[in-house]
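# Coordinates in review
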Amino acid sequence: MDNQLKDFFFDEQDRGRLVFEDSPEYNELMEQCLSLFPGGDLPRPVFKLIETANLISFAHGLRLGLRLNRWTGDQSQIAVAK
C-alpha cells in the first residue's frame, strides 16, 4: 500500500473523521471476531489482516470519490462560479 495513502488513512483516524467504531455492523463483527480468542486479544496476523482490509477499503473509496469527481466535471467549481 502506498505510504502516503497509509499516512492519510491514519491521519483521518487520528483526527476522528474515520471512526470504524461508529458503525454498529463493524462493532458486531469485531465482537464476533474477538469472541474467537479467549484472551480477548487478537493475534497479530488477524489484527494485521483487519487493518489491511480497512486500508484497502479506504483506498478504494478515496479513488472512487476522486474518479466520480473527475467524471462529474467537479460540479462544486461550477456552482461557485454562478
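Residues numbered from 1 in each chain as written. Predicted model: local features only at pLDDT ≥ 70, side-chain atom pairs only at ≥ 80, totals over all residues. Heavy atoms only, no water.

## What about the overall build of the chain?
Counting its regular elements, the chain contains four helices and zero strands. Its helices and strands taken in sequence order, the chain reads α-α-α-α from the N to the C terminus. The 82 residues of the chain split such that 16% are buried. Within the chain, counting contacts between residues at least 6 apart in sequence, those at least 24 apart form 53% of the total. Within the structure as shown, the chain displays about 6,600 Å² of accessible surface, and the carbon and sulfur contribution to it stands at 57%. (Helix = DSSP H or I, 4+ residues; strand = E, 2+ residues; numbered from the N terminus. Buried < 20%, exposed > 50% of the residue type's maximum accessible area, 1.4 Å probe, protein only. Contact = heavy atoms within 4.5 Å. Areas by Shrake-Rupley, 256 points an atom, 1.4 Å probe, with all protein chains shown as cover.)

## As for the layout of surface pockets
Of the volumes computed, that of the largest pocket is approximately 240 Å³. Lining of the largest pocket is provided by 14 residues; of these, Q13, E21, Y26, F47 and N54 occupy positions nearest its centre. In terms of residue count, helix 3 (residues 44-71) provides more of the lining of the largest pocket than any other element does, four residues in total. For the lining of the largest pocket, the residue count by class is nine nonpolar, three polar and two charged. (1 Å grid on protein atoms, 1.4 Å probe; cavity = no way out; pocket = protein on both sides within 12 Å on 5 of 7 lines; lining within 4 Å. Points joined across faces, edges and corners; volume = space filled by probe spheres on them. Nonpolar A, V, L, I, M, F, W, Y, C, P; charged D, E, K, R; others polar.)

## Notes on the packing of helix 2 (residues 24-35) against helix 3
In a pair of packed helices, the angle between the axes and the distance between the axes together describe the arrangement. Running from N to C, helix 2 and helix 3 cross one another at 160°; their axes reach a closest spacing of 12 Å. One element, helix 2, and the other, helix 3, form an angle in the roughly antiparallel class. Relative to helix 3, the crossing made by helix 2 is right-handed. Contact with helix 2, carried on its side by Y26, M30 and C33, involves V46, I50 and N54 of helix 3 and no other residues of that element. Along the lines of polarity and charge, the residues of the contact of helix 2 with helix 3 split into five nonpolar, one polar and no charged. (Axes fitted to C-alpha atoms, helices over the stretch in contact; angles between N-to-C directions. Parallel < 35°, antiparallel > 145°, perpendicular 65-115°, else oblique. Left-handed = near helix turned anticlockwise from the far one by under 90°.)

## Some thoughts on the packing of aromatic side chains
Evaluation of the coordinates by the stated rule reveals five aromatic pairs. With a centroid separation of 6.2 Å and 45° between ring planes, the pair formed by F9 and F20 is classed as tilted. With F9 in helix 1 (residues 3-14) and F20 in the loop between helix 1 and helix 2, this pair connects stretches of sequence that are eleven residues apart. The buried category is assigned to F9, whose relative accessible area is 1%. (Phe/Tyr/Trp six-rings, centres within 6.5 Å; stacked < 30°, edge-to-face > 60°.)

## Section: helix 2
The first and last C-alpha atoms of helix 2 sit 16 Å apart over twelve residues, in line with the 16 Å expected at 1.5 Å per residue. Residues of helix 2 that are buried: Y26, M30 and C33. Taken around the axis of helix 2, the buried residues stretch over an arc of 60°, which confines them to a single face. Those residues of helix 2 that are exposed and aimed more than 90 degrees away from the buried face are P24, E25, E31 and S35. On its buried side, helix 2 packs onto helix 3. (Expected span 1.5 Å × (residues − 1). Arc of directions from axis to C-beta.)

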